[in-house]
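Fold and contact review
Listed below are the residues making up each chain.
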Amino acid sequence: MLSRVEVGLRPELFDGGVDSFLKEAETSMSALSEVIRWARLLDVYWLDLPVSREELILALTEIAWDPVFQWMFTGNLIPSAAGMSGQIEDLMQQAPFRPGTFWGIEKRFRPGVNDAVGRTLLESFEMVLGRSLSQGRAASGKLLLLEGPKLNETILSSLSSEFFCDRSLETWSLLPESSLKKNDRFYQERIRHDLPKLFRKRFSSPLFSWADMERFLEEGKDRFYTWSREQVQALHTHWMEPQEYAYRKNAGFAEPTSFEFQVLMQLGLQRAMRLPQVEPSLEMVKSWVLPSAQGFGIFAWDEQDVLCVSVEGSLGCVSGEKPAWLESMRSVAGATRHLLSATSGVQPIYYTHTLGGAWNENRLPFFYRALADAGNRMGLPVLSCQWIEDESLSGVTLLHTSCGGLAPRAQFESKSKILPLDRIYRVGGQESEHPDSILQGRLLDFVLESKEFYHRVVLNALGGWLGGLASLALDSEGASVQLGSLRSSVGQESLAGLLGSPSQEMGFFAVSSEKIDAFTDLAQRRGLQVLDVGVFNLTGRFQVWEGEAPIADLSLAWLRLAPWLNWIWQASEMSLDAPVQSQASSGEVISASLEEVVLEHFHQDQEVFFLQKQSQYSGQMDHEVQGRSVIKPNMACRSGVIQPKWDSEVGLVLGAGVALAKSHVFGMAQMALDEAVRSVLTLGAEYGSPECVLALMESFWISSEQLSSDTWKKQELFEVQRGLKKAAMELSLPVVSGSFMPGVESVWKKEHPLVLLVNAVGRVPDIKYCRSSDVKSVGDCIYGLGPLDFGLLGSEFEEDLQKVKGLPWRLAQPLWPLARKLYSWMGGTLGKQQGRLKFARAISGSGMLVALMESLVGPGLGASIWLPATIHPWELLLGRGFHNWIVSVSQEHSRFLEEEWEALGLPFQKYGVVVVKGSLEIFWKDPAPLLTLSTEKIPWMVRGT
Amino acid sequence: MVNALVVGGEGLHNAQAAAQALRMAKFETSVSHLNDLVGYSLDELCKKYGVLVFPGGFSYGDCLGAGKVLALKIRYALRWNLSLFASRGGLVLGIGNGFQALVRMHLLGADVSITHNLQGYFLNAWMKVVPSGGKCLWLKGLGTMELPICHQQGRLMIASSRRAESLRKMEEAGMTCLKYESNPNGSEEALAGLCDPSGRIFGMMPHPELFVRWTSHPEWTTQMTRASSPGQGLVIFENAYREAVQAL
């Protein structure tokens, strides 16, 4: 039976959802409030079900309608579910302006897009009616009902295409009032027409002869992404090698097939270019660092468990048009899959994020919110969220998510291998590149639940079938895949189209032959499709058949070697990090005031302040899963602590340092690493003895096009790695290296600097002694801890300060012997008095002033700060340095700290005191303050709330 | 010894946190996937468990309304008569998403439902809540507590055509057992939780299972001496344990 259903709030109720949507749209379409007088948002469902009319009425009443607060319009199916006549006119007649001028904008998913609501609706019908409805179809959409005499198609089209619809996922249509009242959208033929048709992308078929290399290169250009001529030559060489050529000819291959190219492409994307990594040196080797795959760190956490951290996670570069919620969900799901694939079922326990974008494009708050929502749906807390804003990032949003978790040691001590005769199973939902959080959750839960039944799993997204199968095959001694059964089971017209489709909800498992029944039974009980697609063997090859026809036959040894992915790097004698001369001495006249520069940097609107709520500074990013949270990341400190095991007081802390390597890349890399280390020491991580668990993860964004063509960029990358290694060696910390993201140039056209991400993960011996980064009490003494060395080069204020005359321009220099001692003190292995600290805040690239501001705003307190006369105040307040903190201690305990710092030779400076009023006053030389900022009115961009 | 069952799976992410809270309150606790409980009869449930918990999360992606599909699953697939379970001495708790399901099953008021927050967006905050009425066994003897809320659909509503009468009856029956001190989401009468007339089936939007340790509170570092103390949410589970033991 065909049916259309529209459900919305009862007319007497305020529609907060549509109100919130229109307010957001008004930020760009300011005239909207003048033309829209009334609005309502309705859910729309299309149904084609093998049920009787009575069953449909019963089920719809149970599933789709809540009479307490909803009206439901069903044509003439259930007229009592709304108003007088049961038609949408009842709703229109309740609008405040009558007779009114009405329009509707209806949107639905494009064919092929995952419709989680539609699928859930079908499942709900099956629950209520108690039987399978496998031949049924259900689809969902929305109808935005608007009233206003000035509304016209132009306004509505803008509203639809720019706000109401995600154009990559949805289509929309306008319904004038006459059409709304006519109700023909409820007619059976119309419903049949409106239900989405199945659609698959088709492969472009091979058009060229392999023998003609030049033509091959030219016509295949679009497929090869960033592959160079030499790389394609490597493929050619292999396939023309006599033994391989003869074998393939015998196996029925005239030339390489498009499927084989697809495999190579997917493997190339997944296994990114082998770039210089931070190779461990003796100082960095620790007993608690266990062997792991590239891009992962595995550390012994305690006697029972290991900590697995993924470095690469999900790296994305998103064009301006892509919706934040979609890309965020992809990022979060991708990072989770990445961890589960490589570690065969470790239990994820946190996410970290890094965002990058241009500040004036205001996209980051939407991503911030969308990431929190995505983490909420996946059920994991966010431990760290950093962002970086720069003009060079205009037009794109950089998005990095990584994930970590704990697993029993035994799981790693006896790593399982794929065995011959293991079966290959595909498990998941429909092929779609758009994530469905329900199926994501089911699949990821299943991966953990079914651990004892399989030897390996690959959870593939972009790679689709071929990428996923090939990745699995690489870990075996041979694999044979039969896709012939696929056509009948999923009803596809084009197998090529199916195989080429990326999918977010699909995994490939190497299942032990004795455990197949248990595996498939569990998959079905978890609501997942399961399909046997092949077997592992000892052939040494990855072979794919469609029925009797072979479509791929590749040497696994050659795929593992992947010579076409090799880059050759040569060390250069050139150092990019020449020392910068100081350009001015202190005491000269400065043409702009400190306050002007600060307020401009924080994008103050002269007429309206963006008032910041306390909750943004004390509020948390994690949502549903706060039970494990100890210190939550927030504005003041974008690092966090969780309690990973219920029965242990040991905490896991994660922090980050980000650097935009525009210049002085060697120094900037060291700064990023230093900041990451300090971010975790701030919250209580241990440091200073060989058993202390503290490790670093590094990855970066750079356009591969730039990298392939620009020698300078390659050298910069090399220098970054050198800087990281230098800092890591000095601090005796292991570094796990990630890879860069290929294909960035497809969306990121501008020249841009290398963006370096460094995460630090550490262990807090006892969570009861964690520190947070907010000032605590009036009367507390505020100190600076660390060397008094800050430079304006590398500061976040650097560009704003360019126009100010007479400033000194320096790059601060590290003092690694001092750092080791200072970090040992913060890390609890040197001295005894660190427990008296009431708060600590690492000073990062935004400088001491921002550190103070952010630490005061949450508790709503103020501070009076006296800067030493011997240092330039702008350098001290806005500059960037190494090894520094702002800390506080109660007045009665301050002498204990000062005595210990002096005894240990740790540099410190007493700056001032916490005061009750909500303003920050900075004094330098004069009795009158150099700067006064109200902590209530700090002009900070609203971020994500 | 009292056994507690936490229903998990299908996006009920807080199952483990709820289980931990129950263990801290001395229950013997197990967590079972929703789909694995199909076919588990009410008799078996009553025989084995004294407490049943539907935890928070994002079941079925909140499609069709938060808690809606979970409610359908309980009613049509599990076929559990929770009122009967309670009448046989059992205790039922719905938290967050679990509460939304209980509301949609009309166990906590025939004319009550739950929908989007008035503001139209997700709320993540710590709120003071006040027990009221004295009927709910889970809240017996408790005063004002501060607990986290995290929801987009937490606004309780009463059918407008019968609002006054329905509210009066619910208040007389002691069902309006938990209120916000300051209404964050437009909920009718600032209601944060409801119980059934027996007081044994209770549901709430705030999450007590996420505050069983003092170190979960966002401002705990301002009171370091309390770091080893339990969080205010634990007392709800401890209350349940005392009641369950008495019912044995």
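Scroll up for the structure.
Residues numbered from 1 in each chain as written. Chains lettered and ligands numbered in written order. Predicted model: local features only at pLDDT ≥ 70, side-chain atom pairs only at ≥ 80, totals over all residues. Heavy atoms only, no water.

Description of the side chain of S772 of chain A
- Checked against the element boundaries, S772 of chain A lands in the loop between strand 26 (754-764) and strand 27 (781-785).
- Within the local environment of S772 of chain A, its side chain forms a polar contact with the side chain of K776 of chain A, the two groups lying 2.9 Å apart.
- Beyond its immediate stretch of four places on either side in the chain, S772 of chain A contacts I631, L683, F839 and A840 of chain A together with T221 of chain B. (Helix = DSSP H or I, 4+ residues; strand = E, 2+ residues; numbered from the N terminus. Polar contact = N/O pair within 3.5 Å; in protein donor to acceptor, adjacent residues only side chain to side chain. Contact = heavy atoms within 4.5 Å.)

Re the pairing of strand 13 (residues 396-408) of chain A
All names here are of chain A.
- Most of strand 13 sits inside the fold, with 12 of its 13 residues counted as buried.
- As paired elements, strand 9 (residues 305-310) and strand 13 share five bridges and run antiparallel to each other. Following the sheet pairing, L307 is matched in strand 13 by L406. (Buried < 20%, exposed > 50% of the residue type's maximum accessible area, 1.4 Å probe, protein only. Pairing = 2+ DSSP bridges.)

Some thoughts on the interface of chain B and chain A
- On the chain A side, the residues contacting the 54 residues of chain B number 56 residues.
- Summing both partners gives a buried area of about 4600 Å² for chain B against chain A, and 55% of it is carried by carbon and sulfur.
- Taken together, chain B and chain A are joined by six salt bridges.
- Here R526 of chain A makes a salt bridge to D36 of chain B, at a shortest N to O gap of 2.6 Å.
- Put simply, chain B and chain A have 17 residue pairs in polar contact (both at pLDDT 80 or more) between them.
- Mapped by element, the contributors of at least two residues to the side of chain B that touches chain A are helix 1 (15-24), helix 3 (68-78), strand 5 (112-115), strand 6 (123-131), strand 7 (145-151) and strand 8 (155-158) of chain B.
- Here the element with the most residues in the side of chain B that touches chain A is helix 3 of chain B; it accounts for six residues. (Buried area = accessible area lost by both parts, 1.4 Å probe. Salt bridge = Lys/Arg side-chain N within 4 Å of Asp/Glu carboxyl O.)

What about the pattern of salt bridges?
Residues and elements named next belong to chain A.
- Enumeration over the complete set of coordinates arrives at 57 salt bridges over all chains.
- Residue E12 pairs with R10 through a salt bridge whose shortest N-O separation is 3.0 Å.
- In this structure, K23 engages D19 in a salt bridge whose closest nitrogen and oxygen atoms are separated by 2.9 Å. Of this pair, K23 and D19 both sit in helix 1 (residues 16-26), four residues apart, roughly one helical turn.
- Judged by its relative accessible area of 53%, K23 falls in the exposed class.
- When its relative accessible area of 27% is taken as the criterion, D19 is described as partly exposed.
- Counted as one network, the salt bridges with shared partners bring together R4, E6, E106, R108, K182, D184, R185, R190 and D194.

Observations concerning the packing of aromatic side chains
All names here are of chain A.
- This structure, assessed with the given rule, holds 21 aromatic pairs over all chains.
- Ring geometry for Y687 versus Y823: centroids 6.2 Å apart, planes at 75 degrees, classification edge-to-face. On the criterion of sequence distance, the pair formed by Y687 in the loop between helix 24 (665-683) and strand 24 (694-701) and Y823 in helix 28 (residues 816-826) is long-range, its members being 136 residues apart. Y823 carries the same exposure label as Y687, and that label is buried. (Phe/Tyr/Trp six-rings, centres within 6.5 Å; stacked < 30°, edge-to-face > 60°.)

Examining the environment of L9 of chain A
- Looking at where L9 of chain A falls in the secondary structure, it is placed in strand 1 (residues 2-9).
- Taking relative accessible area as the criterion, L9 of chain A reaches 14% and is therefore assigned buried.
- Each C-alpha atom, one on L9 of chain A and one on V68 of chain A, is 9.4 Å from the other, the two residues being 59 residues apart in sequence.
- Setting aside anything within four residues of it in sequence, one finds L9 of chain A in contact with F14, D15, R40, F69, Q70, W71 and L91 of chain A together with T115 of chain B.

Side note on the nonpolar core
- Core analysis: the largest hydrophobic core is formed by 213 residues, its most contacted members being F125 of chain A together with W80 of chain B.
- A total of 11 residues in this core trace back to one element, the largest contributor, which is helix 24 of chain A.
- Sequence-distant contacts of W80 of chain B, that is, excluding residues within four places in its chain, are made with L5, V7, L37, Y40, S41, L42, L45, L52, F54 and I74 of chain B.
- Formed by 47 residues, the second largest nonpolar core is a distinct cluster that contains M329, L443, F446 and V511 of chain A. (Core = buried A, V, L, I, M, F, W, Y, C linked by side-chain atoms within 4.5 Å.)

Examining the sheet that holds strand 24 of chain A
Residue and element names in this part refer to chain A.
- If you trace the six strands from one edge of the open sheet to the other, you get 21-22-23-26-24-25, paired in mixed fashion. Two strands lie at the open edges of the sheet, namely strand 21 (629-631) and strand 25 (735-737), each paired on one side alone. Neighbour-to-neighbour, the strand axes of this sheet turn through a mean angle of 25 degrees, independent of strand direction.
- When strand 24 meets strand 25, the two strands line up parallel, connected through three bridges. Within the sheet, the bridge partner assigned to E698 lies in strand 25 and is S737.
- The sheet contacts of helix 24 involve strand 21, strand 22 (640-642), strand 23 (651-661), strand 24 and strand 26, and relative to strand 23 the element is tilted by about 160 degrees.
- Across the sheet, helix 26 (residues 711-731) is in contact with strand 23, strand 24, strand 25 and strand 26; its angle to strand 26 comes to roughly 20 degrees. (Axes fitted to C-alpha atoms, helices over the stretch in contact; angles between N-to-C directions.)

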